[in-house]
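Topology and contacts: notes
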Amino acid sequence: MPGLLRGVARTAVIAGTATAVSNRVSRRQGGRWAQQEAQQQGQQQQQAAAAPPPAPAAAPPADDMTAKIEQLKQLSTLKEQGVLTEAEFAEQKRRLLG
């Protein structure tokens, strides 16, 4: 009987230790993920703040089609990055193409 009791006690200690270590690892990993997420959000906010403003309200001369194409590419890039919504992109495109 003492051998059985010793085995049960040993198993309980091992299980308790494993649980404590697992919980500590989970908390540490959760903290790292939260920190990474906060950094990514900060970077996205900086990019949004540093992003060039949408195309100007005044359209360039009609004969300067390459400038219009370049502005459309910039607007498309901003939309893909999530800076512009679909509605904002459509409005700026409408203004550009006039």
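For the structure, check the block above.
Attention here is on the structure that accompanies the text. Keep in mind that this is a model prediction, so the values were computed, not measured.

Here we take up the overall build of the chain. What the chain contains, in helices and strands, is three helices and zero strands. Helices (α) and strands (β) of the chain occur, in sequence order from the N terminus, as α-α-α. Among the 98 residues that make up the chain, the fraction classed as buried is 9%. Accessible surface for the chain amounts to roughly 7,900 Å². Of this, 57% is attributable to carbon and sulfur atoms.

Opposite charge on two side chains allows them to pair when their charged atoms are near. Counted by the stated rule, this structure contains three salt bridges. For Glu-91, the salt bridge goes to Arg-94, with nearest N and O atoms at 2.6 Å. Pair noted here: Glu-91 and Arg-94 are both in helix H3 (residues 86-97), with a separation of three residues, about one helical turn. Overall, the relative accessible area of 28% leaves Glu-91 in the partly exposed class. Here the salt bridges share partners, and the residues they tie into one network are Glu-91, Arg-94 and Arg-95.

Quick look at helix H2 (residues 65-81) now. The terminal C-alpha atoms of H2 lie 24 Å apart, and with 17 residues this matches the ideal 24 Å at 1.5 Å per residue to within 8%. Those residues of H2 that fall on the buried side of the exposure criterion are Lys-68, Leu-75 and Leu-78. Taken end-on, H2 shows its buried residues confined to a sector of 80 degrees, consistent with a single buried face. Residues Thr-66, Lys-73, Glu-80 and Gln-81 are exposed on H2 and point more than 90 degrees away from its buried face. Where H2 is buried, its residues contact H3. Just downstream of H2, Gly-82 is the residue with a positive phi angle, here 90 degrees.

Rules used in this analysis
Residues numbered from 1 in each chain as written. Predicted model: local features only at pLDDT ≥ 70, side-chain atom pairs only at ≥ 80, totals over all residues. Heavy atoms only, no water. Helix = DSSP H or I, 4+ residues; strand = E, 2+ residues; numbered from the N terminus. Buried < 20%, exposed > 50% of the residue type's maximum accessible area, 1.4 Å probe, protein only. Areas by Shrake-Rupley, 256 points an atom, 1.4 Å probe, with all protein chains shown as cover. Salt bridge = Lys/Arg side-chain N within 4 Å of Asp/Glu carboxyl O. Expected span 1.5 Å × (residues − 1). Arc of directions from axis to C-beta. Contact = heavy atoms within 4.5 Å.

Everything listed is a geometric property; what it means functionally is a separate question.
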